[in-house]
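# Secondary and tertiary structure notes
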Amino acid sequence: MVKTVSSAPGSAEQGELTVSDLLAFKIKGGELTDNQINFLARAITDRTMDDCQLGALLMCIKLKGMTDQETVALTRAMRDSGFRVSLTEEEVHAALADVGCCIMGQTTDIVPADRRMYATRGVTSTVFSLPLIVSSIVSKKAAESVKALVMDVKYGRGAFSKTREEGEQLAQALVNVTKGLGMKVCALLTAMDVPIGTTIGNALEVREALDCLRGRGPPDLHQLVTHLGGELLAMSGVTASVNEGHEAVVRVLSDGSARATFSAMLQKQGVSVEVAESLCGDEPDYHHLPAATHCTPLLATTAGVVVDMDAMVVARVSLALGTGRTRIDDPINYAAGIILLKVVGERVEAGEAWAELHHDAPLSKMILTTAQTAITINPDTDVFKKPSLITARFA
């Protein structure tokens, strides 16, 4: 049976909350309020509660128990203690009003028909139906009542559409349907035969995205971000032209304002101030992100210029490292992945590392052999600039 006392410490209810006061209150059998439990959960998350205090809190709960109301409050606080994409409509409006942006996942209230249809497509061999693909994508955007939509439609070895023709058909269909629903729309057709950027894997790609927010990202990723953003700014009437929009995106990436907004969005969606400011500071600090225990270099077997790198082979190697799922119940290793030290157009010497595999489990010979098949090196080619990824525009 849970024992309670009738009143909480004055400093915990009326003044500034302290971990020590709440621990003392709980060890006497006190019942914590929702606000106090939320405070404790934040203190655990942002590490203002040290390890000794955390151990004491856990022991208090074990020895003194919790009421159902306390347990519900603790569960809710734990649910909300990290970055959340399951936002209510009110939370979305609040984030947009306070920060200007948010990231959210599909909820049961957003196009519920699509959720059921999407789940059924795999077992009915209808995954590759163009109308179903387009309706699934556009319906969710339309449900959000957006006025303007910019889409990045990829084609190539690492994309859903394998040929440029397939990509063009998808892009045109997306534009036609979106226009039919009364929205402004633009689609950029972009090539994905080779990897975009220099990282593959969850935490590694987060690092690269944050580098891009510092204006230091890989040139191809920077190009995509600034051109897609420029299109959206022009379409929304924020800038008079796409070129002005492009320049505006370049400017906010360079002056730190985009990074500051991203930090504010993280905090609005549950990330602690300490973690958000660490990730988004002027200098990179990624110690809060998961890191793999091993890093194995892939060495070039010959000298020359990298003339090709198969995006699909790289993706399969990354998957084998644990970055994704082959079955629905597979765990995801958020630390694993690949860092490309050389990209298409650059020279590599024999014995020089062209990539790093970040992994926790031992590497099989098959993974290492497969990874080496991704790269093509030509000893007789001069260094060249990687071609633009943007190959067409549909509007």
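Refer to the structure presented above.
### Digging into the overall build of the protein chain
- When you go through the protein chain residue by residue, the secondary structure sums to 16 helices and 10 strands.
- Residues counted as buried form 39% of the 395 residues belonging to the protein chain.
- Put simply, of all contacts in the protein chain between residues at least 6 apart along the chain, 69% involve residues at least 24 apart.
- With the model as given, the accessible surface of the protein chain reaches about 21400 Å², and the carbon-plus-sulfur share is 57%.
- Between the averaged position of the 37 positive side-chain charges in the protein chain and that of its 47 negative side-chain charges there is a distance of 4 Å.

### Some details on a nonpolar patch on the surface
- Nonpolar side chains collect at one region of the surface, where Ile 27, Met 59 and Leu 63 lie side by side and expose about 290 Å² of accessible area between them.
- Assignment of secondary structure puts Ile 27 in helix H2 (residues 19-27).
- Of the residues examined, Ile 27 reaches a relative accessible area of 38% and is grouped as partly exposed.

### Here we look at the side chain of Thr 199
- Note on placement: Thr 199 falls in strand S3 (residues 199-200).
- Take Thr 199: its relative accessible area is 9%, and that puts it in the buried class.
- A polar atom in the side chain of Thr 199 sits 3.5 Å from the backbone oxygen of Leu 204.
- Within polar-contact distance, the side chain of Thr 199 engages the side chain of Glu 208 at 2.9 Å.

### Focus: the environment of Leu 210
- Considering the arrangement of structural elements, one finds Leu 210 in helix H10 (residues 202-213).
- Along the sequence, Leu 210 and Leu 279 sit 69 residues apart, while their C-alpha atoms lie 7.5 Å from each other.
- Once residues within four sequence positions are removed from consideration, Leu 210 is found in contact with Phe 262, Leu 279, Cys 280 and Tyr 286.

### Considering helix H8 (residues 130-143)
- Between its terminal C-alpha atoms H8 stretches 20 Å, which fits the 20 Å expected from 14 residues at 1.5 Å a residue.
- Turning to H8, its buried residues number three or more, namely Ile 133, Val 134, Ser 136, Val 138 and Lys 140.
- Positive phi appears at Ser 145, one or two residues downstream of H8, with a value of about 60°.

### Concerning the sheet that holds strand S2 (residues 184-191)
- Taken in spatial order, the three strands line up as S1-S2-S10 in an open sheet, and their pairing is mixed. The sheet terminates laterally at strand S1 (148-155) and strand S10 (390-394), the two strands that pair on one side only. Averaged over all neighbouring strand pairs, the angle between strand axes comes to 20°, with direction disregarded.
- Relative to S10, S2 runs antiparallel, the two sharing four bridges. Bridging from a neighbouring strand, Thr 190 pairs with Ile 390 of S10.
- Against the sheet, helix H9 (residues 164-180) engages S1, S2 and S10, with an angle of about 165° to S1.

### Observations concerning the pattern of salt bridges
- Under the definition given, this model contains 14 salt bridges.
- In this structure, Lys 154 and Asp 152 form a salt bridge, with 2.8 Å as the shortest nitrogen-oxygen distance.
- Judged by its relative accessible area of 22%, Lys 154 is partly exposed.
- Across the salt bridge formed by Arg 216 and Glu 283, the nearest N and O atoms sit 3.7 Å from each other. Taken together, the positions of Arg 216 in the loop between H10 and helix H11 (219-235) and Glu 283 in the loop between helix H14 (273-279) and strand S4 (294-299) put the pair 67 residues apart, joining distant regions of the chain.
- Accessibility expressed as a relative area gives 55% for Glu 283, which makes it exposed.
- One network of salt bridges, in which partners are shared, links Arg 157, Asp 193, Asp 308 and Asp 310.

### Observations concerning the pairing of S2
- Extensive coverage of S2 is indicated by the burial of seven of its eight residues.
- Both S1 and S2 contribute to a ladder of eight bridges, which runs parallel. By the bridge assignment, Asp 152 is partnered in S2 with Leu 188.
- Since S1 and S2 lie parallel, the crossover through H9 that links them has a hand, and here it is right-handed.

### Here's the deal with the nonpolar core
- By size, the foremost hydrophobic cluster in this structure holds 23 residues, and its most contacted members are Met 309, Ile 338, Leu 340, Trp 354 and Leu 357.
- Within the residue set of this core, elements represented by two or more residues are strand S5 (304-309), helix H15 (311-320), strand S6 (337-340), strand S8 (353-359), helix H16 (365-372) and strand S9 (375-378).
- Discounting chain neighbours no more than four positions away, the residues touching Leu 357 are His 294, Cys 295, Thr 296, Leu 298, Val 317, Leu 321, Gly 337, Ile 338, Leu 363, Ile 367 and Leu 368.
- Core analysis: the next-biggest nonpolar cluster, separate from the first, contains 19 residues, Leu 170, Ala 187, Leu 189 and Ala 392 among them.

### As for H10
- The first and last C-alpha atoms of H10 sit 17 Å apart over 12 residues, in line with the 16 Å expected at 1.5 Å per residue.
- The complete set of buried residues in H10 reads Ala 203, Leu 204, Glu 208, Leu 210, Cys 212 and Leu 213.
- Positive phi shows up at Gly 215, right after H10, with a value of about 80°.

### A few points about the packing of H15 against H16
- It is the contact of H15 with H16, at a shortest axis distance of 9 Å, that shows an interaxial angle of 160°. By the angle between their directions, the pair H15 and H16 is classed as roughly antiparallel. In this structure, H15 meets H16 at a crossing whose hand is left-handed. Across the interface between the two elements, Val 313, Val 317 and Ala 320 of H15 pack against Ile 367, Thr 370 and Ala 371 of H16.

### A short note on the side chain of Ser 318
- Tracing the chain through its elements places Ser 318 in helix H15.
- In this structure the side chain of Ser 318 is engaged in a polar contact, spanning 2.8 Å, whose partner is the side chain of Thr 323.
- Those residues in contact with Ser 318 that lie beyond four places of it in its chain are Ile 200, Gly 201, Thr 323, Gly 337 and Ile 338.

Each value, and the rule that gives it
- Residues numbered from 1 in each chain as written.
- Predicted model: local features only at pLDDT ≥ 70, side-chain atom pairs only at ≥ 80, totals over all residues.
- Heavy atoms only, no water.
- Helix = DSSP H or I, 4+ residues; strand = E, 2+ residues; numbered from the N terminus.
- Buried < 20%, exposed > 50% of the residue type's maximum accessible area, 1.4 Å probe, protein only.
- Contact = heavy atoms within 4.5 Å.
- Areas by Shrake-Rupley, 256 points an atom, 1.4 Å probe, with all protein chains shown as cover.
- Lys, Arg positive; Asp, Glu negative; His and termini not counted.
- Charge placed at Lys NZ, Arg CZ, Asp CG, Glu CD.
- Patch = residues over 30% accessible without salt bridge, like charges linked within 9 Å, V, L, I, M, F, W, Y side chains within 5 Å.
- Salt bridge = Lys/Arg side-chain N within 4 Å of Asp/Glu carboxyl O.
- Polar contact = N/O pair within 3.5 Å; in protein donor to acceptor, adjacent residues only side chain to side chain.
- Expected span 1.5 Å × (residues − 1).
- Pairing = 2+ DSSP bridges.
- Axes fitted to C-alpha atoms, helices over the stretch in contact; angles between N-to-C directions.
- Right-handed = clockwise from strand over helix to strand, strands pointing away.
- Core = buried A, V, L, I, M, F, W, Y, C linked by side-chain atoms within 4.5 Å.
- Parallel < 35°, antiparallel > 145°, perpendicular 65-115°, else oblique.
- Left-handed = near helix turned anticlockwise from the far one by under 90°.

All we've got here are geometric facts, nothing functional implied.
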